[in-house]
Amino acid sequence: MRARAVLDPGGLFRYIPLRPHQFTEAVTPTRDLFVLAHLGVARVDPVAWSLDIDGLVRCPQRLTLADLQRFPKREVLSFHECAGNPLTPEVPERRVANVVWGGVTLETLLDKVGVEPTASYIWSYGLDHGPFAGTQNDSYLKDLPLRRVKAGDVLVAYELNGEPLSAEHGFPARLLVPGWYGTNSVKWLYRMVLADRRADGPFTTVFYNEVIPSSPGASTVRTRPVWEVAPESVIVAPAPDERLQVGTPAEIWGWAWSAKGIRTVEVSVDGGETWHAAAVNVREQWSWQRFHVAWRPSEPGGVALLCRASDLAGATQPPRGARNAIHAVPVTVVT
Ligand SMILES: Nc1nc2c(c(=O)[nH]1)N[C@H]1C(S)=C(S)[C@@H](COP(=O)(O)O)O[C@H]1N2
Ligand SMILES: [Mo]
């Protein structure tokens, strides 16, 4: 058994430096990236650290940081979004960024251990530990279906924006599942276990596992894990409470993202009565996509600007009551 890491700070830690009108950079600088830690920030000695991969495999491996760095390095540009507080999953928190992760693909590591045909999930363990919302945790434990790994781009990452990870972001190595909510990307990774079923810890059964609204009279409660990121968009400019001039051309712009890729973004300048198609940039890897529309306000008064993204699978943003509910920005038009 491995000694558990020192936590500093211990307990729930959140650092959320930017609001949507401050998402002005296409690639978020590391100092502006939010930090979420349920149990505390683990402080890990990289010399003593290793990653074990075992369970339903032919040859279990223990890899050092130097071992990981000897594999070919893959860089992935991806949006990175926190699903929000697992106790209030219907609240849109808009904790999102767009960054470059560097590391080795998980596929490469699994080739080395030789996955048994009976394996269908991979469980990932973090070195953080302790209480969260009435549960006790020996470590932060999440799972991932193997089919997601085979789709490629899942990393064991040791770099963020070209630099080694900081302690807050998971030093020395973390899982990174592009397109999936941040909760799945286990920081301070130290063990991965191949299994034939989902993981049974609080972070896969109690939290981040949501009840699917059932048909009336249905007797069984069905749940779905918080995995793929649903379509979402935010307006960066104008900023909330900005004053715009009647007759003066303005640009409404922002970012849209989703696991499946964005098909359309629409913008409303009348609080949702009418919608206009925005121009949307093509997606590069898993990046968020810029959208913009030109607007020349014609009447004075207060108005809500809205944006609504739809993805390539046909899903769209709901008006309210969901983590990806439509973003509204109140502005004032003056003469
Ligand atoms: N070990 C561990 N990994 C974790 C967490 C955690 O509490 N412990 N929080 C998750 C959540 S909820 C999010 S949103 C992302 C945030 O990653 P970041 O802090 O690097 O931005 O880390 C995820 N990985
Ligand atoms: Mo999160």
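For every chain, the first residue of the written sequence is number 1, and numbering continues from 1 onward in sequence order. Each chain is given a letter, starting from A, and each ligand a number, starting from 1, according to the order in which they appear as written. With pLDDT at 70 or above as the cut-off, local features in this predicted model cover only qualifying residues; side-chain atom pairs require 80 or more to be listed or tallied, and sums for whole chains, interfaces and linings still use all residues. Water and hydrogen atoms were dropped before computing side-chain values, which therefore reflect all heavy atoms in the structure.

1. Some remarks on the pattern of salt bridges
Okay, so step 1: One side-chain nitrogen of Lys or Arg within 4 Å of one carboxyl oxygen of Asp or Glu is enough to make a salt bridge. Using the criterion set out here, one finds 15 salt bridges in the structure.
Okay, so step 2: Notably, a salt bridge pairs R191 with D54, separated by 3.0 Å at the nearest N-O pair. With R191 in strand β16 (residues 189-195) and D54 in strand β5 (residues 51-55), the pair connects residues that are 137 residues apart, well separated along the chain.
Okay, so step 3: Summary of the burial criterion: residues with accessible area below 20% of their type's maximum are buried, those above 50% are exposed, and those between are partly exposed, where the area comes from a 1.4 Å probe applied to protein chains only. The exposure class assigned to R191 is partly exposed, which follows from its relative accessible area of 30%.
Okay, so step 4: Take D54: its relative accessible area is 17%, and that puts it in the buried class.
Okay, so step 5: Note that D143 is salt-bridged to R198, the shortest N-O span being 3.0 Å. Of this pair, D143 sits in strand β12 (residues 140-145) while R198 sits in the loop between β16 and α4 (202-205), placing them 55 residues apart in sequence.
Okay, so step 6: Look at the salt bridges and you will find they share partners, linking D196, R197 and D200 into a network. Runs of E in the DSSP output that reach at least two residues are strands. Runs of H or I that reach at least four are helices, and both are numbered from the N terminus.

2. Some thoughts on the sheet that holds strand β21 (residues 250-257)
Okay, so step 1: Strand pairing is assigned whenever DSSP identifies at least 2 bridges connecting the two strands. In spatial order, the strands read β19-β21-β25-β24; together these four strands make up an open sheet with antiparallel pairing. In the strand order of this sheet, the two ends are held by β19 (232-237) and β24 (279-280), each with one partner.

3. Some details on the packing of aromatic side chains
Okay, so step 1: Ring geometry is summarised as follows: Phe, Tyr and Trp rings, the Trp one being its six-membered ring, pair when their centres sit within 6.5 Å, and such pairs are stacked at plane angles under 30 degrees, edge-to-face over 60 and tilted between the two. The final tally for this structure, using the stated rule, is 10 aromatic pairs.
Okay, so step 2: Joined through ring pairs, the aromatic side chains of F23, W253, W255, W257 and W288 make up one cluster.
Okay, so step 3: Geometrically, a charge over a ring is one whose NZ (Lys) or CZ (Arg) sits within 6 Å of the ring centre while staying within 35 degrees of the ring normal. We note R323 situated over the ring of Y181; from NZ or CZ to the ring centre the distance is 5.1 Å.

4. Quick notes on the nonpolar core
Okay, so step 1: The biggest cluster of nonpolar side chains holds 66 residues, and the ones touching the most others in it are L68, L106, L109 and V156.
Okay, so step 2: A total of six residues in this core trace back to one element, the largest contributor, which is β16.
Okay, so step 3: Of the domains in this structure, domain 1 (6-211) and domain 2 (232-334) are the two that each give at least three residues to this core.
Okay, so step 4: Other than its neighbours up to four places away in sequence, L109 contacts L51, I53, L63, L68, F71, V104 and V156. The term nonpolar core refers to a set of buried residues drawn from Ala, Val, Leu, Ile, Met, Phe, Trp, Tyr and Cys, joined through side-chain atoms within 4.5 Å. Start and end points for every domain follow an automatic or database-based domain assignment. Contacts are assigned to residue pairs with any non-hydrogen atoms lying within 4.5 Å of each other.

5. Some points on the site of ligand 1
Okay, so step 1: By nearness alone, 18 residues border ligand 1, and H38, D128, H169, R174 and K187 come closest of all.
Okay, so step 2: Nitrogen and oxygen atoms within 3.5 Å of one another constitute a polar contact, given that in protein one can donate a hydrogen and the other can accept it, and given that sequence-neighbouring residues count only through two side-chain atoms. H80 is positioned with one of its side-chain polar atoms (N or O) 2.9 Å from an oxygen atom of ligand 1.
Okay, so step 3: In this structure, K187 approaches ligand 1 through a side-chain N or O atom, which is 2.5 Å from an oxygen atom.
Okay, so step 4: Per-element tally for the shell around ligand 1: the top contributor is strand β3 (residues 35-37), with three residues.
Okay, so step 5: In this classification, the charged set is Asp, Glu, Lys and Arg, the nonpolar set is Ala, Val, Leu, Ile, Met, Phe, Trp, Tyr, Cys and Pro, and all remaining amino acids, among them Gly, are polar. When grouped by side-chain class, the residues that make up the shell around ligand 1 number nine nonpolar, six polar and three charged. Nearness is defined per residue: one heavy atom within 4 Å of the molecule or strand is enough.

6. Some remarks on the domain arrangement of the chain
Okay, so step 1: When the domains of the chain are assigned, the result is domain 1 (6-211) and domain 2 (232-334).
Okay, so step 2: In this assembly, 28 residues from domain 1 lie in contact with 24 residues from domain 2.
Okay, so step 3: The quantity reported as buried area is the accessible area (1.4 Å probe) lost by two parts once they are put together, taken as the sum for both. The junction of domain 1 with domain 2 conceals about 2100 Å² of combined surface from both sides, 57% of it contributed by carbon and sulfur atoms.
Okay, so step 4: Three residues stand out in domain 1 for area buried against domain 2, namely L77, F79 and R94, and they jointly supply 28% of the buried area on that side.

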